[in-house]
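Read off the chains here:
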Amino acid sequence: MKTSFESSDFFQAFSEKRSWEPGWMADFRKDSWNRFATLPKTKIKDEKWRFSPRTRFGYNDCDQLTDSPKPTTLEGKSSKNVIFESFDQAILDHPKLLSILPSCTGPKLGSDETFLLGSSFSESGFILKAKEEHKEEEAFICRHFAPNQNRSLFQQSIVSIDPFAEVTLIEYFDSEDQSSTGILSNLSHIQVGEGAKLNRIVVQRLNNHSTFNHLEKIELGRNAQFTNISLQLGSAQTRVESRGDIIGDAGEFNNYSLSLGRNNQLFDQRTIQHHIAPHGKSNLLFKNALLENSKAIFSGLIKVDPKAQNTDSFQTNRNLLLSKEAEASSLPGLEILANEVKCSHGATTSKIDEQELFYLQSRGIPKSTAEKLIVLGFFEDIIGQTPNPDLVESLRDEVSKFFHT
Amino acid sequence: MSTLQIDNLSASVGKEQILNNLNFTLPKGEVHAIMGPNGSGKSTLSKVLAGHPDYQVTGGNACMDGTELLGLNPDEIARLGLFLAFQYPVEVPGVSIANFIRAAVKSRLPEGESIKAVEFYKELYLKMDDLGMDRSFTSRSMNEGFSGGEKKRCEILQMSMLNPKYCILDETDSGLDIDALRVVSEGINQMKNPDRGILVITHYQRLLDYIVPDKVHVMWEGRIVRSGDKTLALELEDKGYDWIKEEVAAA
């Protein structure tokens, strides 16, 4: 079935709405849309969508854009060393920063359609640039909002941390209201320069009718460090595609994620840790706790190029099932072309331990509270990675709040 | 009414019958010991009373201060006032001792009422000091990587924080060196009071040097086959269990 996004009239109308944009942006959108319109048809058997009920991510039911998208709100100010602005504002103020967009490729882990739609129709997002050697103590906070009324919202963000700068970024993804359906598709382009450090926390709390597409590509320079902690709590279905490219010597990429699945929720996670330069480190830990009929898919690849000698790379996926109906699929992978490396991957799926449950209950703790404690305990080594100790308790609360809502 | 009273209790796990018409009464204010060889059903008794879902009760009653325990969920039984100190305390990764005990204390409060944090920690620290536990333990994951002695101290700590009416200590002496045994026994002795009944399950008389029981019962083939005062424990230590098995067989 065709969506209205495929119609040239639809794109034309959108372009007119954005007629205030400079020509280079209009060209970029047009080019992206042309590529979208000529995408080959969806393959029936696509390894990048293995185990995924792909139709759940389709745009058919939400193929209109919002009339007035609620823009990303930003907490934290621009200064002489930092640019922190909404996507729309940055188009006008910092065209040079956005000029990288045509060369951005995205994670390329299956969602080409969403990537090109995002490039064509993005109306929201933000730009964060920290200049060389700038160290910001306070976290920059972004609040993104999924649309309602069966609409889609596309957004793009660019995070660029110049050499030796240090920044913490917190991104919240929420729904505009609790009942209606919508699709939020987010593209993040992240570059961390030489010796720079970026800590990023993602808290996704969409309502349980909404779809979340989260596509990101991270590029790490020499001695750069990037630590990501994602809390995937809400949405009906979430597709995460995350690519970390270590392109400078001794870059370090830490990717931690937890998902709490309830009802009929689906978390579809595709990752790649790509070591291009030598002496790099990467560590990935994705944990999913699945209640009721929820489902998680994890497919991760560690790729080590021939030049990336002395790489240390780890990838772990752990799933905890709290009901007979919950389901987890895991596809860990290694592709190592260098000979001096330390790499390992592992995946486990286990049911909640009945003896553990009995032990907690035997202390008077009701079963539902006991399950919650066990799940919070299961997530503790993700939340415990939070670099800012003040945030740890609030992240625990975030998970806790979602448990029996 | 102020008793833990078990009448004709029978229970099985899978197809195996383990408890056979067991009768036993523990009044408040008393300490009783159940001894018996391996496989006589001692641990099964403690788990059945605590409501473990793996065991099927096939007959009888177990009343605590007049309330039937059989058929209740483990958490309901615990909140009514029964505490089981485990022979093998379970590791709960990522759940700190403080959070674990807080959740247990909170489950006993009326809905809407919350724990007063300052008082909670004051009491917790005081009790940890008594048990010779380092205060930094509160942030460690429950039983994870603990030594045998640390696990058992932690059981006693929970018991004293939860203020139960009846305590069952399942082989609390196993895995303890002599110093830990003394500390743990002191902790148990401090729990003795006229409003609380304590049942100590053990293989060895050794523990009973520290915790002096009012009565000693011998269990064999899923029931109590002999009861006596503390001298019975000494007799068992001296002569083993075979003579009792023979007496039961002859009867």
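**Q** I'm lost on the sheet that holds strand S7 (residues 182-192) of chain A in this one. Help?
**A** Picture the strands of a sheet paired through backbone hydrogen bonds; they go either parallel or antiparallel. Residues and elements named next belong to chain A. Across the sheet, which stays open at both edges, the nine strands sit in the order S2-S3-S5-S7-S9-S11-S13-S15-S17 with mixed pairing between neighbours. At either end of the open sheet lies a strand with only one pairing partner, and these are strand S2 (82-86) and strand S17 (327-336). Each neighbouring strand pair of the sheet contributes to a mean axis angle of 5 degrees, computed without reference to strand direction. Pairing between strand S5 (residues 151-161) and S7: 11 bridges, direction parallel. Of the residues in S7, the one forming a bridge with Ser157 is Ser188.

**Q** Before we go on, may I ask you to explain the nonpolar core in this structure?
**A** Among soluble globular proteins, nonpolar side chains are generally buried collectively. Leu290(A), Leu82(B), Ala85(B), Cys167(B), Ile168(B) and Val200(B) are the most contacted members of the largest nonpolar core, which totals 137 residues. The leading source of residues in this core is helix H7 (residues 367-383) of chain A, at eight residues. Excluding residues within four positions of it along the chain, Leu82(B) makes contact with Leu49(B), Ala50(B), Met64(B), Leu69(B), Ile77(B), Pro164(B) and Tyr166(B).

**Q** Looking at this model, I keep getting lost on the environment of Lys307(A). Mind explaining?
**A** Residue and element names in this part refer to chain A. Inspection of the secondary structure assignment puts Lys307 in the loop between strand S15 (295-304) and strand S16 (311-321). Accessibility expressed as a C-beta count within 10 Å gives 11 for Lys307, which makes it exposed. Taking C-alpha positions, Lys307 is 6.5 Å from Ala338, a pair spaced 31 residues apart along the chain. Ignoring any residue separated from it by four or fewer positions in sequence, one finds Lys307 in contact with Ala277 and Pro278.

**Q** Just to check I follow, could you spell out the confidence of the model for chain B for this structure?
**A** The predicted coordinates ought not to be read in detail in places where the model reports low pLDDT. Predicted confidence across chain B gives a mean pLDDT of 94, with 100% of residues reaching 70 or more. For this predicted complex, the interface score ipTM comes out at 0.97, while the overall pTM is 0.94.

Criteria and cut-off values
- Residues numbered from 1 in each chain as written.
- Chains lettered and ligands numbered in written order.
- Predicted model: local features only at pLDDT ≥ 70, side-chain atom pairs only at ≥ 80, totals over all residues.
- Pairing = 2+ DSSP bridges.
- Helix = DSSP H or I, 4+ residues; strand = E, 2+ residues; numbered from the N terminus.
- Axes fitted to C-alpha atoms, helices over the stretch in contact; angles between N-to-C directions.
- Core = buried A, V, L, I, M, F, W, Y, C linked by C-beta atoms within 7 Å.
- Buried ≥ 20, exposed ≤ 12 C-beta atoms within 10 Å, placed from the backbone.
- Contact = placed C-beta atoms within 7 Å.
- pLDDT = per-residue confidence, 0-100.

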